[in-house]
Amino acid sequence: QVQLAESGGGLVQAGDSLRLSCAGSGRTFSINAMGWFRQAPGKEREFVAASTWRGGRTIYADSVKGRFTISRDNAKNTVYLQMNSLKPEDTAVYYCAAADMFDPNPVEYDYWGQGTQVTVSS
């Protein structure tokens, strides 16, 4: 089993930045990819960004490309999501997830954190 815990959410104004963290524990050696997803009220969960655990490949949703950056610290079993130039439409609960496969499809992810709220005011 892998346990994931997100932190770093909060209330910010449009144009501000936030950095989310996701700390992994347990059988983290089994992880091949980490992803960030978000879910706004009344909407389906959507892909934000993903990174391979080794090798440094990354992919981003078009809506965040150029503004968000996913990174990882393997020694700390932690993945980060740096979010810059935040917009009100970025408001959502953000989840990190772990998978065997490097893929933007949430069904490929076996382990999920509890989520952290990000609210961007206009």
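Further up the page is the structure itself.
Residues numbered from 1 in each chain as written. Predicted model: local features only at pLDDT ≥ 70, side-chain atom pairs only at ≥ 80, totals over all residues. Heavy atoms only, no water.

(A) Up close: the pattern of salt bridges. Applying the stated rule across the entire model yields four salt bridges. The shortest N-O distance in the salt bridge between Lys65 and Asp62 comes to 3.1 Å. Look at Asp62 and you get exposed, because its relative accessible area is 67%. Each of Arg38, Glu46, Arg67 and Asp90 takes part in a single network of salt bridges with overlapping partners. (Salt bridge = Lys/Arg side-chain N within 4 Å of Asp/Glu carboxyl O. Buried < 20%, exposed > 50% of the residue type's maximum accessible area, 1.4 Å probe, protein only.)

(B) Seen up close, the nonpolar core. Counting residues in hydrophobic clusters, the biggest one holds 35 residues, and the most contacted among them are Met34, Trp36, Val48, Phe68, Leu81, Met83 and Tyr94. At the level of secondary structure, the elements contributing two or more residues to this core comprise strand E1 (2–7), strand E3 (18–26), strand E4 (33–39), strand E5 (46–52), strand E7 (68–73), strand E8 (78–83), strand E9 (92–99) and strand E11 (116–121). (Core = buried A, V, L, I, M, F, W, Y, C linked by side-chain atoms within 4.5 Å. Helix = DSSP H or I, 4+ residues; strand = E, 2+ residues; numbered from the N terminus.)

(C) Highlighting the sheet that holds E3. Ordered by their spatial adjacency, four strands build an open sheet running E1-E3-E8-E7, and the pairing between neighbours is antiparallel. The open sheet has two edge strands with one neighbour each: E1 and E7. When strand polarity is set aside, the average angle formed by the axes of neighbouring strands in this sheet is 20°. Taken together, the six bridges between E3 and E8 define a ladder with antiparallel strand orientation. (Pairing = 2+ DSSP bridges. Axes fitted to C-alpha atoms, helices over the stretch in contact; angles between N-to-C directions.)

(D) Seen up close, the environment of Pro88. Within the fold, Pro88 resides in the loop between E8 and E9. In this structure Pro88 comes out as partly exposed when scored by relative accessible area, which is 35%. The residues touching Pro88, leaving out its near neighbours within four places in the chain, are Ala14, Val120, Ser121 and Ser122. (Contact = heavy atoms within 4.5 Å.)

(E) The arrangement of the environment of Val118 in detail. Within the element layout of this structure, Val118 appears in strand E11. With 51 residues separating them along the chain, Val118 and Arg67 place their C-alpha atoms 15 Å apart.

(F) Representation of the packing of aromatic side chains in the model. Overall, the coordinates contain five aromatic pairs when judged by the stated rule. When the centroid spacing of 5.0 Å and the interplanar angle of 75° are considered together, the rings of Phe37 and Tyr109 count as edge-to-face. Of this pair, Phe37 sits in strand E4 while Tyr109 sits in strand E10 (residues 109–112), placing them 72 residues apart in sequence. Since its relative accessible area comes to 4%, Tyr109 is described here as buried. Each ring, one from Tyr95 and one from Trp112, has its centre 6.5 Å from the other, and the planes form 75°; the classification is edge-to-face. In this pair, Tyr95 is assigned in strand E9 and Trp112 in strand E10, connecting sequence segments 17 residues apart. Through pairs of rings, three or more aromatic residues link up here, namely Phe37, Phe47, Tyr95, Tyr109 and Trp112. The side chain of Arg45 reaches across the aromatic face of Tyr95, ending 3.9 Å from its centre. (Phe/Tyr/Trp six-rings, centres within 6.5 Å; stacked < 30°, edge-to-face > 60°. Lys NZ or Arg CZ within 6 Å of the ring centre and 35° of its normal.)

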